[in-house]
Amino acid sequence: MDRPTEIIVVPHTHWDREWYEPFQRFRLRLVALLDEVFDRMAHDERQRFTLDGQLAAVDDYLEVRPERREQVVALVRAGRLAVGPWQILLDEFLCSGENIVRNLERGLARSAALGGAMPVGYLPDMFGHVAQMPQLLAGAGLAHACVFRGVPDRVRSHAFAWQAPDGTTVRTEYLPGGYGNAAGLMDDRRLVTRRATDLAERLRGWRPDGDDATPILAMYGADHAAPAPDAPDLLAAAGVDGVRLRLGTLAEYFTSQPTTVDGLPTVAGELRSHARANILPGVISVRAHLKQAMGRAERRVERYAEPLAALFHDPSVQRFLDMAWTRLIDASCHDSVTGCGCDETAEQVAARLAEADQLGRAVCDLVGARLAGAVPRDGHLLFNPTPAARTALVRLDVEAPGDGAIGLAGADGRVAPAQVLDRARTLLADDLVPAAELPAVLARVHGRELYGQEITAWSVSPDDATLTFEVARHGDPTFDVEDVRLALAAAAGADRWRVRIVAAPRLTVAALVEVPALGLAAVRPVALPSDGPAARTDAATPEPGATATPTPVTVDGRAVDNGLLRVEVTEDGTLRLSTPDGLSVDGVARIVDGGDVGDSYNYAPPAADELVDKPRAVRTAVVHDGPVVAVLDVVREYRWPVGADVDAGSRRVDRETVTVTTRVELRAGEPFARLRLNFDNRCDDHRVRLHLPLPAAARTSYAEGQFAVVERGLTAEGGGGEVPLPTFPASGFVAAGGAKGSLAVLLTQPTEYELTDSGRELAVTVLRAIGMLSRNRHALRDEPAGPQLPTPLAQCRGERSVELAVLPFRGDWDSAGVLAAAEAYRHELLGFPGTGDPSAGLPTPVTGLTVDGEGVALTSLRDRDGRVEARMVATRDTSAVIGAGRGVRGAWRADLVGRPGESLPVGGDGLVRLPLRAWEIATVQLDLAGPG
């Protein structure tokens, strides 16, 4: 007799924490649903429930129902309620790799506190999956993944081996039909047997031939829905020949599955196929300001705040960092940072990201202020967030040390010539005031503060009835406003007084300063001899004793040149890039505006689209002319259609004048040009892209994202209900080209790109303005992706800005140092004003941590219970060499969630050498010597 087919029916809900309604309105529904489910489970031991793989739903519920905590713990421990392993179900492409790690780490820890996490990487509704997810799951101790979207057509069975770029594989369950493939099973008690028979027949087809022993997984649930209250009875009464139906959790199903991947088909890398389901790629570009805010906040916390606190030992700020990560993880939700929710949801996400950024900045300020106490108050302390010593540009606001040229002097006496970018006003007030109003004038003085600065000196001149205050950043601690009152009383007689407030001359300067790896260096402004070459702003050679500088940046008409790259502005406002080895690219930064009658999930051009790419007027202005940094503003005026007629399938006839300013910045020593686009968006229903012709036609592109650089072609696999447009995400850079040369675009946030014109151009989306959450009728998608709700704020009206950099290069991206260039572009030096004794000398530079090795990139550095924990990824088989200015007393490998493993030897030179395979994500914990 044949063994009956066993189907494990998993009651669950897919819970969108916020989406077409904002968070708190969805939470009301969550509480009502879980109240009902938990009441049933209390009275029926047969009931099972899987809570969507995310602890956020549990936390949100228990905040309202804290009295239910013990019941939840009991259900989890009994194996009847499956929770975790994620804190929240994220969008994997729109947050950093480290954000993914912290999400998983927090979810596992919170699940453990409730009785244990579901031991599977449940990823039911993400819009595609990143290449390194198998390694991330395995690194956290999870042997299984479970996915729906993005699986390629060649997967024909319910299980496959998913392989990360480093070779790590996890056994992965595919959900045919999605996370609700058994959603309607018990809607009508009269039809349960028929529907169960159909379900069994449908799902049997996904089992390999001859595999009758393995249970079949049926996901009985849907968005925001509870299972039938009498589900156990209905299943028990369903008589299906040759089929055994039973309720279970997702965890119970996976305990029945082997962990081996032997004999399974292998799928390598990211899952972004449209073959079996929509992956809704338009979420990458809608509400671009949310993606910018995410990138900005993640950098602030990951690469500035946490390393500062860890290396210079300030545990008092840990709670601030925890709060920042709470907001970053919450914002990563797949209906949050994606921008595919209602306007209220988008506003809440923006607020969370702003708070995360503020918390990161607060930590930097707290730690930096403590460290800056050792720096004289006319100086600045600089922090380098990268793990190698670097000479980089810093912009500082300083008090002018004289009337001529200035430089920034380091502790060793070497001077970096500085370029003056701006001069602050010195005369802050010059008013005639009736004598009777002088008390009101003095009331403006608070202690020694006046107009945001401090009083350094004052004078009362009876002869011409003038009261003068001199102010600066730091004032005279002996100042007392009562002395001024007495002096004015003694000088009484004039009916009107002249009141002047004069500030010490302040300058904004730029200079190239050397700072140790993840370390600190202090500088202070000094006057340079007026007759030396460094006194001239066009100096090519620093004066004797000055820091050696790269070739100065020069401006010649509409061209800037730093010896590594020449950028010329052509008549139409596009750029010509040239390198000393003869590589030249024309037409860079062409702006193309086209219609978009899609929605927050999918782009859709009007049937009769109109592209606008030629400006009506172009002008160029020199903002800074070198020698440290040169800046040109390219101002282009366009006439864009005001909107689109969705029903007619065309753009409107009416036009708006839109001025796009492209700021081109070239710094000494950098092989790339920094671009910043600014414009006031006055139009609706359109997409704006920046086009960059390539030196040679490309067949593939390379995009850096979450611990990996992914190669993609010119097309995408389709078949799942939407037109497979080859628009892809990139976070750190995207590069493409051929034997004649390549071009890389360096990025500060997740961005959408596409290779167009048969691989001859790279198009980067700057703005996608749409007015609907989802459209019931969409030209490029078969069915709605959500409710048809207006989202007027997603038109992104008002001032918009985008920053990126362009790097022409030869060879492949790895050997050309594109990853290192992207790291330098994203991570500027951070400065703190000194607050110490003005007569003291500058402290000597301090090295924090060094991470050397070809192809090794540091991704995070933080404190872990008194140890410094560093995470890194290798682009090739290599070794990381790790050292610290304080010295290393001990080192250990750790897994992805911080559990220490094997001890690593510390060499006689104080360095730790760590062999790494290509694309391995490694976590190392270090016991550093001495105080921070």
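Residues numbered from 1 in each chain as written. Predicted model: local features only at pLDDT ≥ 70, side-chain atom pairs only at ≥ 80, totals over all residues. Heavy atoms only, no water.

A.B. asks: With reference to specific residues and values, describe the sheet that holds strand S4 (residues 121-123).
C.D. replies: Taken in spatial order, the 5 strands of this open sheet run S4-S5-S7-S6-S10, and their pairing is mixed. A single partner strand is all that each edge strand has here, and the edge strands are S4 and strand S10 (266-268). Going from strand to strand, the sheet's axes swing by 30 degrees on average, the running direction of each strand aside. As defined by bridge partners, S4 adjoins strand S5 (residues 144-147) across 3 bridges and the pair is classed as parallel. Bridge pairing in S5 links Tyr 122 to Cys 146. (Pairing = 2+ DSSP bridges. Helix = DSSP H or I, 4+ residues; strand = E, 2+ residues; numbered from the N terminus. Axes fitted to C-alpha atoms, helices over the stretch in contact; angles between N-to-C directions.)

A.B. asks: Before we move on, can you summarise helix H9 (residues 288-311) with the specific residues and values?
C.D. replies: For an α-helix the count is 3.6 residues per turn, leaving residues at separations of three or four pointing the same way. Here H9 is 24 residues long and its end C-alpha atoms lie 34 Å apart, about the 34 Å a rise of 1.5 Å per residue gives. Within H9, the axis deviates most sharply at Val 301, by approximately 30 degrees. Counting buried positions along H9 yields 21 of 24 residues, so the element is predominantly enclosed. Downstream of H9 by one or two residues, His 313 has phi in the positive range, about 40 degrees. (Expected span 1.5 Å × (residues − 1). Bend = angle between axes of the 7 residues up to and from the residue. Buried < 20%, exposed > 50% of the residue type's maximum accessible area, 1.4 Å probe, protein only.)

A.B. asks: An account of the pairing of strand S13 (residues 406-409) is requested, with residue identities and associated values reported.
C.D. replies: Along S13, one buried face is formed by Ile 406 and Leu 408 and the opposite face, lined by Gly 407 and Ala 409, is buried too. As judged from the 4 bridges shared by S13 and strand S22 (residues 520-527), these two strands associate in the antiparallel manner. Along S22, the bridge assignment pairs Ile 406 with Ala 527. Pairing geometry for S13 and strand S14 (residues 415-417), over 3 bridges, is antiparallel. Bridge pairing in S14 links Ala 409 to Val 415. Here S13 folds back onto S14 in antiparallel fashion, the turn holding 5 residues, of which Gly 413 has a positive phi close to 90 degrees.

A.B. asks: Go over the pattern of salt bridges with me, naming the residues and quoting the values.
C.D. replies: Scanning the entire structure with this criterion turns up 81 salt bridges. Here Asp 153 ties to Arg 156 by a salt bridge, and the two come within 2.8 Å at their closest N and O atoms. Judged by relative accessible area, which is 30%, Asp 153 ranks as partly exposed. In this structure, Arg 893 engages Glu 920 in a salt bridge whose closest nitrogen and oxygen atoms are separated by 3.2 Å. One end of the pair, Arg 893, is in strand S49 (residues 888-894); the other, Glu 920, is in the loop between strand S51 (912-916) and strand S52 (921-928), and 27 residues separate them in sequence. For Glu 920, a relative accessible area of 7% translates into the label buried. Sharing partners across several salt bridges, the network here consists of Arg 395, Glu 665, Arg 667, Glu 670, Arg 674 and Glu 828. (Salt bridge = Lys/Arg side-chain N within 4 Å of Asp/Glu carboxyl O.)

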